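# Report on the structure
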Amino acid sequence: MHATEFQKNVSSADGASLVVLTGGERYLKAAVMNKLCLHLLGSPIEDSIGLSRFVGKDTDFRTVHDELAMVSMFSSNKLVVVDDADDFVKQFRPKLEDFANKTGRKSLLVLDVSTFPKSTKLAKIVDKTGTIIECTELTGAALTGWLVKEAKAEHKKQLTHDAAGLMVELAGTSLGLLDQELQKLTSYVGEREKITVEDVRTLVGGWKAETTWTMINAVRDGQVDVALVCLEKLLNAGEAPPKILGGVNFVFRKFADATERVCQGSQLKAALKDAGVFPRDIPSAESYLMRIRRPRALKIIGKLAEVDYGLKGGSRLTDRMQMEDLLLWLAGAIPVETL
């Protein structure tokens, strides 16, 4: 199961001898370990009596096994972790297979590995008698959904899905970094229950985020020179073009959505609101769409997809040239037929 599911059902590890944490998302591995410590030892990981840790390349199975047998007088359970355990698993696989088959112990062995192929005999045994927890990167809807749930569960805040999506666009997909941003946002909004898109715009991403918004607003308002200067600053500061494109996507996809709604009979102002455009930006968005006219607006999604493909290696143009072309096209400075 995935780590996000295991944290809701930590008792699924009860009675097991062996739990395997697989994948590269360190934040999730730390969160799972904390849940296991609270569940088995009755205290957070930093205060747990009965927790022992070894580094895989520096230990052997006998040392780990002996540690599992030594239960503290202060705790009836024992939790032993082998970090960076890939080589440990390879070296002691037969012993681990035998160990995993013996369930019902009060001591639990946790192996932290980068990979754990399901086709191996050990994996098949652990799948039946223990727990394999996938600590892999979250993406797309799963990632924004995690942010929304985390805000509610850990901070008692309502994070809108749009705000969660913007956090990912600005801060990236690292759960550890996103958690830090969520803590900052919680402090920023204070007693207010909801964290909004505007809060994220204000707080997440620093000057690069502010420059990105200035660039996007300049494109929307037809200020091509301002937009290109902002793009130059971002690229010179080392901001990745796909990340810059993420911010552009976040705004202009809503304009494209609103255009589709207008084609289906909605009024433009209502369409922009329903598409998720921030209320204060609706007048500017209306002016933008009326300026570039419907034929171009209907091709926004296609243009964004074209540049996304190009930045992933599908174009002979440099990343800089592709981004410059995109900004000019969105601003209406390049004929729509160039798509």
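Per chain, residue numbering runs from 1 following the sequence as it is written. Totals for whole chains, interfaces and linings use all residues, but because this is a predicted model, local features are given only for residues with pLDDT of at least 70 and pairs of side-chain atoms are given and counted only at 80 or more. As a convention, hydrogens and water are excluded, and side-chain values are obtained from all of the structure's heavy atoms.

## Details of the overall build of the protein chain
Comment: elements are numbered from the N terminus, with helices defined as DSSP H or I runs of at least four residues and strands as E runs of at least two. Scanning the protein chain from terminus to terminus reveals 17 helices and 7 strands. To get the radius of gyration, use the C-alpha atoms; to get the globule rule, take the number of residues to the power 0.38 and multiply by 2.2 Å. By the compact-globule yardstick of 20 Å for 339 residues, the protein chain is too spread out, its C-alpha radius of gyration being 26 Å. In terms of its C-alpha atoms, the protein chain occupies a principal-axis envelope of roughly 75 × 50 × 40 Å. Taking all contacts inside the protein chain whose residues are at least 6 apart in sequence as the whole, residues at least 24 apart take part in 69%. Accessible areas in this description were obtained via Shrake-Rupley with a 1.4 Å probe; residue shielding takes into account the shown protein chains only. Counting every atom, the protein chain has about 16800 Å² of accessible surface; 51% of that belongs to carbon and sulfur. Charged side chains of the protein chain number 45 positive and 45 negative; the gap between the two group centres comes to 3 Å. By definition, residues are in contact when any of their heavy atoms lie within 4.5 Å. In this charge count, Lys and Arg are treated as positive and Asp and Glu as negative; neither His nor the chain ends contribute. Here the site of a charge means atom NZ of a Lys, CZ of an Arg, CG of an Asp or CD of a Glu.

## Examining the nonpolar core
In a soluble, globular protein the nonpolar side chains are often hidden away together inside. Counting 86 residues, the largest nonpolar core has L36, M215, F252, F255 and I300 as the members making the most contacts within it. In terms of residues, this core owes the most to one element, helix α13 (residues 241-263), which gives 10 residues. When near neighbours in sequence (up to four residues on either side) are disregarded, M215 contacts A227, C230, L231, L234, I244, V248 and L327. Counting residues in each nonpolar core, the second largest holds 24 residues, with F99, V113, L122 and I125 among its members. Among buried residues, those of type Ala, Val, Leu, Ile, Met, Phe, Trp, Tyr and Cys that are joined through side-chain atoms within 4.5 Å constitute a nonpolar core. Only protein chains enter the calculation, and the probe is 1.4 Å; a residue is then buried if its accessible area is under 20% of its type maximum, exposed if over 50%, and partly exposed in between.

## Re the sheet that holds strand β4 (residues 107-113)
The strand order across the open sheet built from 5 strands is β2-β3-β4-β1-β5, with neighbouring strands paired in parallel fashion. The outermost strands of the open sheet, each flanked by one partner alone, are β2 (51-55) and β5 (131-134). Each adjacent strand pair in this sheet contributes to an overall mean axis angle of 20°, direction not counted. A pair of strands counts as paired when DSSP detects no fewer than two bridges linking them. In the sheet, strand β1 (residues 18-22) pairs with β4 via 5 bridges, with the strands oriented parallel. Looking across to β4, one finds that T22 is bridged to V113. Strands β1 and β5 of the sheet are contacted by helix α6 (residues 121-129), whose axis makes an angle of about 100° with β5. All axes here are fitted lines through C-alpha atoms, helices being fitted over the stretch that makes contact, and every angle between N-to-C directions spans 0 to 180 degrees.

## Some words on the state of the cysteines
The definition used for a disulfide is geometric: two cysteine sulfur atoms within 2.5 Å. Following the criterion strictly, the structure yields 0 disulfides and no others. No disulfide involves C37; its nearest neighbouring cysteine sulfur is the one of C135, lying 14 Å away.

## A few points about the pattern of salt bridges
Between side chains of opposite charge, a pair can form when the charged atoms approach closely. Throughout this description, the term salt bridge denotes a Lys or Arg side-chain nitrogen within 4 Å of a carboxyl oxygen of Asp or Glu. Applying the stated criterion across every chain, the model contains 24 salt bridges. In this structure, the salt-bridge partner of R280 is E198, at a minimum N-O distance of 3.1 Å. With a gap of 82 residues between them, R280 in the loop between α14 (268-274) and α15 (282-297) and E198 in helix α10 (residues 197-203) connect regions that are remote in the sequence. Residue classification places R280 among the exposed positions, given a relative accessible area of 54%. Judged by its relative accessible area of 19%, E198 falls in the buried class. Residues joined in a network through salt bridges with shared partners are E198, R201, R220, D221, R280 and D281.

## Points about α6
The set of residues buried in α6 consists of L122, A123, I125 and V126. Down the axis of α6, the sector holding all buried residues measures 160°, keeping them to one side. The exposed residues of α6 that point more than 90 degrees off its buried face are K121, D127 and K128. Where α6 is buried, its residues contact β1, α4 (86-91), α5 (93-101) and β5. This arc is built from the directions going out from the helix axis to the C-beta atoms.

## Observations regarding the environment of L170
For L170, the location among the structural elements is in helix α8 (residues 161-171). A C-alpha to C-alpha distance of 7.9 Å links L170 and G246, two positions 76 residues apart in sequence.

## Quick look at the side chain of D179
Note that D179 resides in helix α9 (residues 175-189). Buried and unpaired, D179 has no salt bridge, with K184 as the nearest side chain of opposite charge at 12 Å.

## Some remarks on unusual backbone geometry
The phi torsion of most residues other than glycine is negative, and most of the peptide bonds are trans. Not every positive phi belongs to a glycine, and D84 is a case in point at roughly 45°. Considering the arrangement of structural elements, one finds D84 in the loop between β3 (78-83) and α4. Unusually for a residue other than glycine, R293 sits at a positive phi of about 70°. Here R293 shows up in helix α15. Judged by relative accessible area, which is 58%, R293 ranks as exposed.

## Here's the deal with the packing of helix α16 (residues 300-314) against helix α17 (residues 319-331)
One can describe the packing of α16 onto α17 by two numbers: an axis separation of 10 Å at closest approach and a directional angle of 175°. Considered as vectors, α16 and α17 are oriented roughly antiparallel to each other. On the side of α16, the interface is formed by I300, K303, L304, V307, G310 and L311, while α17 contributes D319, Q322, M323, D325, L326, W329 and L330. For the contact of α16 with α17, the residue count by class is 8 nonpolar, 2 polar and 3 charged. By the definition adopted for this analysis, an angle is roughly parallel if under 35 degrees, roughly antiparallel if over 145, roughly perpendicular if from 65 to 115, and oblique otherwise. Under the convention adopted here, Pro, Cys and the residues Ala, Val, Leu, Ile, Met, Phe, Trp and Tyr are nonpolar, Asp, Glu, Lys and Arg are charged, and Gly plus all remaining residues are polar.

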